[in-house]
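Architecture and fold: a report
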Amino acid sequence: MPREDFLLNIGTKSLALIRQSSFRGFAVRNPIFAYCIYVSSKSTALTTPVLYLLLERDLGYHISEILFLAGLYSIFALVLEVPTGILSDSIGARKSLYIGLGLLSLSFPILLLLWNGIGLHLFYVFSFSSAAFFSGAEQGAIRSILGGNDQLKFRKTIYLIQSRMYLWTIPMLLLGLGLYAADPKLLLLVQSLTVFLALLVLSQIPFEATVESDQKKRYRHLASALKDKIWCKRFWGVVLLASAFSSAVLINHRTIQQQLAPLYPENDLAVIGASFAVGNVVSWWASNHVSKMFQKYNPQPLRIFLYLLVFIVAMYLSLSISFQWSAFFVFLGVSFFKAAYRPAIQSELVRQVWPKSTTASSLSLYALLVALLVGFVQMLLGASFVNQTQSNIMSAAAIMTLGGSGLLLIWASSSYTIFRVNSVLSGKESTVHVKNEVTYFSQRYAKNFDFRYYLAVVREEVSLPIPAPALVSVNLDESQVTWEAFEGQRLSLLRDPNRLHLNAFLNGINYEINKNPSGQEDESEQAAAEHCANLLRAMSIEESSAIWSELTAKRHIRYIHGDLHPDNILVANETWLAVDWDEFKVGFWWFDYLTLLTHPDLAIPKDEKIDILSRYFDFFEAHDVLAIAQGFAAFKVRQLTYYSHTEPRLLRLADRYTRQWLANEIVSSA
């Protein structure tokens, strides 16, 4: 059997195993481990050490031509950065990664089949295009797997993924050298199979695609976030630091072939391969130990970046030392550095992205700005090149200038705004901001807003009946309420909510916390009873009916959320929290259940909603529960239609209420 057929047979059997339910179950239980398999399979570790040699020796390209083409097509990738980021947020991180993997897996067979200049151009087009689709989408996928916006947890996970990737790709580096020595075409075929394997592994990893259904709203959020970033010192500080660190790694990779290969000219392939393998070992060790050190001491980001900057500048200055093996030791130092800096930078970048639905778009903008600055540094160093020693000193100076400027900007921004948006309906301003490395979510209301219930919570006189982020403060002078920030996916965006988690959330609602509002709340009880009566009339429930009598009973009066629809519930794995407590008040507890369980954006079947409602409305028969739900839906349709002149999307929501709850009623009446 030919080698190619043998490898294809092995690959087919491996891919069949991936599709089996056993791996699916494993991926559900261990999504981060499965993601590590995806990252390692997607890695081009097989071809990276020998790609330039393959193009130079087997296709006849000079190194200057290869560098020129790589630079030219990297500009092509830059042009795609922001459009692919916006596309990724529109279709979801998973689909964006599928497209990127598809393009990457095709790039190697194209070069293999054509094996000429046209093949090389197409190879670069496909491979650099795939990089644009990966940019931002991978961080979005990790963010979705983890849930929430815990920077320390995100950074720890990035270190873990990176550590395993460096370790697992060492055999791939060595295998790539062996395959290249045996047959360069065989190397390209195997690399294509590993990327395709990554695609199938990714398909088994469970994570929700954060896609904003209202595209106008998403673009509005993105525009608002970018507007704040333009004037944010922290944003530009991180961009400058990322540019300095990326330049350091890029310069080093171009230096390795020039300065390491002459150490053993009889077999430069062995030198390059061994250097990459040893570099991966160092990067793996660094990922493990730096992560443990950060967990133990938990230094502030500014201190982390300062240590990294001093380290990399020292590495480049040491290249000027006249020592035969200095380039090798500096290469190991930079291998340590890249493993240490990437998770720190990525966690800082992801922290500044809000909301999650704009992750890929925002990170693509970061990548574009960083790439432009790195390209400028490369051009400057290339134009002023005299000799290697002088180039190393200039590289250190450029890194120090960019990184030092970034550190100063970060130091000057202990408090900064990540995101700000105004509500069209209420005029309320919502802001996500960071103060002393803690992220907060603030809401500023109109001056006539009633803050008494918020104040009661802050004074611990009243507790919130539904799980929610911690309420930090109420500023009456600024008409502002501040919460601890919690970022999850809105329940309205989940296509198939986890039933166990949904039931746990509903069972966790404790209206018994403040069962009987005390004397000072008598006026509020009267207002709640009046609101209840008006609502039941709007639901077409007769005052003489048993339903009216039961629903208006004063024993049902509690403190309630008052607006518990799926957009106001954030989900991060098992954690479900209610936000936007603008309507927090004394009311009837069943109002919250009807608001949530009749809402068409809660993506569970109508019959299942009735079953859940029947558990909580156990004093009614099932047909009465259905009548109550339909009456509430009819009330919501009229309410949404009335307000649709200020927000057209409300009319579409009213139509979904009608189709889910009232379609049969309309047909029967006709």
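Everything below is about the structure shown above.
As a starting point, this report considers the structure included with it. Each residue is numbered by its place in its chain's sequence as written, counting from 1. Note on the predicted model: pLDDT of at least 70 is required for a residue's local features to be given, and 80 or more for side-chain atom pairs to be given and counted; whole-chain, interface and lining totals, by contrast, use all residues. Each side-chain value is derived from all of the structure's non-hydrogen atoms; neither hydrogens nor water enter the calculation.

1. Some words on the overall build of the protein
Going by this rule: By the criteria applied, helices consist of DSSP H or I runs no shorter than four residues and strands consist of E runs no shorter than two, each listed in order from the N terminus. Here, two residues are considered to be in contact whenever any of their heavy atoms come within 4.5 Å of each other.
Secondary structure summary: the protein contains 26 helices and ten strands in total. Pairs at least 24 apart in sequence give 78% of the contacts found in the protein among residues at least 6 apart.

2. A few points about the pairing of strand S3 (residues 438-444)
Selection criterion: Exposure classes here rest on a 1.4 Å probe applied to the protein chains alone. A residue is buried below 20% of its type maximum, exposed above 50%, and partly exposed in between. Pairing between two strands is assigned when DSSP locates at least 2 bridges connecting them.
The buried fraction of S3 is high, at five of seven residues. Bridging between strand S2 (residues 429-435) and S3 involves seven bridges; their strand directions are antiparallel. Looking at the pairing, Val-432 lines up with Phe-441 of S3. Hairpin connection from S2 to S3: two residues lie between these consecutive antiparallel strands, with Asn-436 at a positive phi of about 55 degrees. In the sheet, S3 pairs with strand S5 (residues 480-484) via five bridges, with the strands oriented antiparallel. Opposite Phe-441, over in S5, you have Trp-483 as the bridge partner.

3. Considerations on the packing of aromatic side chains
Filter applied, for reference: Note on aromatic pairs: the rings of Phe, Tyr and Trp (six-membered ring only in Trp) are paired at centre separations within 6.5 Å, and the planes decide the class, stacked below 30 degrees, edge-to-face beyond 60, tilted for the rest.
All chains considered together, the criterion is met by 34 aromatic pairs. Their ring planes at 55 degrees and their centres at 5.1 Å tell us that Tyr-35 and Tyr-38 sit as a pair that is tilted. In this pair, Tyr-35 and Tyr-38 both sit in helix H3 (residues 31-42), three residues apart, roughly one turn of the helix. Classification of Tyr-38 as buried rests on a relative accessible area of 0%. Ring geometry for Tyr-445 versus Tyr-454: centroids 6.3 Å apart, planes at 35 degrees, classification tilted.

4. Comments concerning unusual backbone geometry
Unusually for a residue other than glycine, Ser-479 sits at a positive phi of about 55 degrees. With respect to the helices, strands and loops of the structure, Ser-479 is situated in the loop between strand S4 (471-475) and S5. Notably, Asp-580 is not glycine yet its phi reads approximately 55 degrees, a positive angle. Within the element layout of this structure, Asp-580 appears in the loop between strand S9 (575-578) and strand S10 (585-588). Residue classification places Asp-580 among the partly exposed residues on the basis of a relative accessible area of 23%.

5. Here's the deal with helix H24 (residues 606-616)
The criterion, for reference: To obtain the arc, one takes the directions from the helix axis to the C-beta atoms.
If you check which residues of H24 are buried, you get Lys-609, Ile-610, Ile-612, Leu-613 and Tyr-616. Along the axis of H24, the buried positions cluster into a sector of 165 degrees, meaning they face one direction only.

6. Things to note about the pairing of S2
The buried count for S2 comes to six of seven residues, which makes it a mostly enclosed element. As judged from the seven bridges shared by strand S1 (residues 415-422) and S2, these two strands associate in the antiparallel manner. Along S2, the bridge assignment pairs Val-421 with Ser-430.

7. Brief notes about the side chain of Thr-595
Rules: Polar contact is defined as a pair of N or O atoms within 3.5 Å, subject to the rule that within protein one atom must be able to donate a hydrogen and the other to accept it, and that residues adjacent in sequence are counted only when both atoms are side-chain atoms.
Counting through the fold element by element, Thr-595 comes out in helix H23 (residues 590-597). One polar contact links the side chain of Thr-595 to the main-chain carbonyl oxygen of Phe-591, over a distance of 2.7 Å. Beyond its immediate sequence surroundings of up to four residues, Thr-595 is in contact with Asp-563, Leu-564, His-565, Phe-632 and Tyr-657.

8. Thoughts on the sheet that holds S1
Inclusion rule: Note on method: axes are straight lines fitted to C-alpha atoms, helices fitted across the in-contact stretch only, with angles between N-to-C directions ranging 0 to 180 degrees.
Strand order in the open sheet made by the five strands is S1-S2-S3-S5-S4, with antiparallel pairing throughout. Each of the sheet's edge strands pairs with one partner strand only, and the pair in question is S1 and S4. Neighbouring strand axes in the sheet, compared pairwise and without regard to direction, differ in orientation by 20 degrees on average.

9. Describing the sheet that holds strand S6 (residues 489-490)
Sheet strands associate in pairs through backbone hydrogen bonding, adopting either a parallel or an antiparallel arrangement. Taken in spatial order, the three strands make up an open sheet running S6-S8-S9, and their pairing is antiparallel. The sheet terminates laterally at S6 and S9, the two strands that pair on one side only. Taken together, the two bridges between S6 and strand S8 (residues 569-572) define a ladder with antiparallel strand orientation. Residue pairing across strands places Arg-490 opposite Leu-570, the latter belonging to S8.

10. Here we look at the pattern of salt bridges
Definition in use: We count a salt bridge whenever a side-chain nitrogen from Lys or Arg sits within 4 Å of a carboxyl oxygen from Asp or Glu.
Tallying each qualifying case throughout the model produces 14 salt bridges. We note a salt bridge from Lys-428 to Asp-582, for which the minimum N-O separation is 2.5 Å. Taken together, the residues span a long stretch of sequence, with Lys-428 in the loop between S1 and S2 and Asp-582 in the loop between S9 and S10 at a distance of 154 residues. Classification of Lys-428 by relative accessible area gives buried; the value is 8%. On the accessibility criterion, Asp-582 (22% relative accessible area) is partly exposed. Note that Arg-490 is salt-bridged to Asp-567, the shortest N-O span being 3.0 Å. With a gap of 77 residues between them, Arg-490 in strand S6 and Asp-567 in the loop between strand S7 (557-560) and S8 connect regions that are remote in the sequence.

None of this, on its own, says anything about what the molecule does.
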